[in-house]
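The chain contents come next:
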Amino acid sequence: MLDDTPPRSLETPLGDLLPLRVKALLQKNGIHTVEDVRKAYPHALLKFRGIGMSKFRQIEAAFFPGKKFEPARVLSPLTHVKGSSLNGALSPAIVRILARGGITTVDQLKAAQPAELLKIERLGVGMLREIESVFFPGQHYEVPRGRRPAPTLPAL
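Just so you know, these numbers come straight off a predicted model, no measurement behind them.

The rules we used
- Residues numbered from 1 in each chain as written.
- Predicted model: local features only at pLDDT ≥ 70, side-chain atom pairs only at ≥ 80, totals over all residues.
- Heavy atoms only, no water.
- Salt bridge = Lys/Arg side-chain N within 4 Å of Asp/Glu carboxyl O.
- Helix = DSSP H or I, 4+ residues; strand = E, 2+ residues; numbered from the N terminus.
- Buried < 20%, exposed > 50% of the residue type's maximum accessible area, 1.4 Å probe, protein only.
- Axes fitted to C-alpha atoms, helices over the stretch in contact; angles between N-to-C directions.
- Parallel < 35°, antiparallel > 145°, perpendicular 65-115°, else oblique.
- Contact = heavy atoms within 4.5 Å.
- Nonpolar A, V, L, I, M, F, W, Y, C, P; charged D, E, K, R; others polar.

S.K.: Before we go on, may I ask you to explain the pattern of salt bridges in this structure?
M.R.: All chains considered together, the criterion is met by four salt bridges. In this structure, the salt-bridge partner of R57 is E60, at a minimum N-O distance of 2.7 Å. Of the two residues, R57 and E60 both sit in helix α4 (residues 53–63), three residues apart, roughly one turn of that helix. Taking the relative accessible area as the measure of exposure, R57 reaches 23% and is therefore partly exposed. A relative accessible area of 2% places E60 in the buried class. Among the ionic pairs, K68 bridges to E70, the shortest N-O distance being 3.8 Å. Side by side, K68 and E70 carry an identical accessibility label, which is exposed. Connected via shared salt-bridge partners are R57, E60, K68 and E70.

S.K.: Before we go on, may I ask you to explain the packing of helix α1 (residues 20–28) against α4 in this structure?
M.R.: The axes of two packed helices give the description: the angle between them and the distance between them. The N-to-C vectors of α1 and α4 enclose an angle of 95°; their axes lie 11 Å apart at closest approach. Regarding the angle of α1 to α4, the classification is roughly perpendicular. The residues of α4 that touch α1, namely those facing V22, L25 and L26, are K55, Q58 and I59. Of the residues in the contact of α1 with α4, the class split is four nonpolar, one polar and one charged.

These figures come from the coordinates and say nothing about function on their own.
Structure representation (structure tokens):
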């Protein structure tokens, strides 16, 4: 059985074509030479931890000038809250947060005051604005701008 991979001494080191952070990420993922980059391009590179599209584009520009790989965008399936009539009307994240706060129907949502909604953990002003635009068009709750007291650390 013949091994067609060249010995490491004949391979081209990554050199200074990439920013140090990108080079370090590649090396952390086992990519030490230009040939390793070519073998991993494009799919394996995109799977490496820490390599997003920005770093991928830097690698691509350095080693594959003129190429631009466009990955197929695969959306994860939307998770719906079982039994919630808010599914589809609001983003899945907001529906889940509202459900954790005990709100699963349009009637419950319309009965809740904006200040009550903002007390639900992880529901922020941006989410409140989306709820307002869908269920309360033209209404805009003014969030109190009072200063919150600084958290106190437990005594040692």
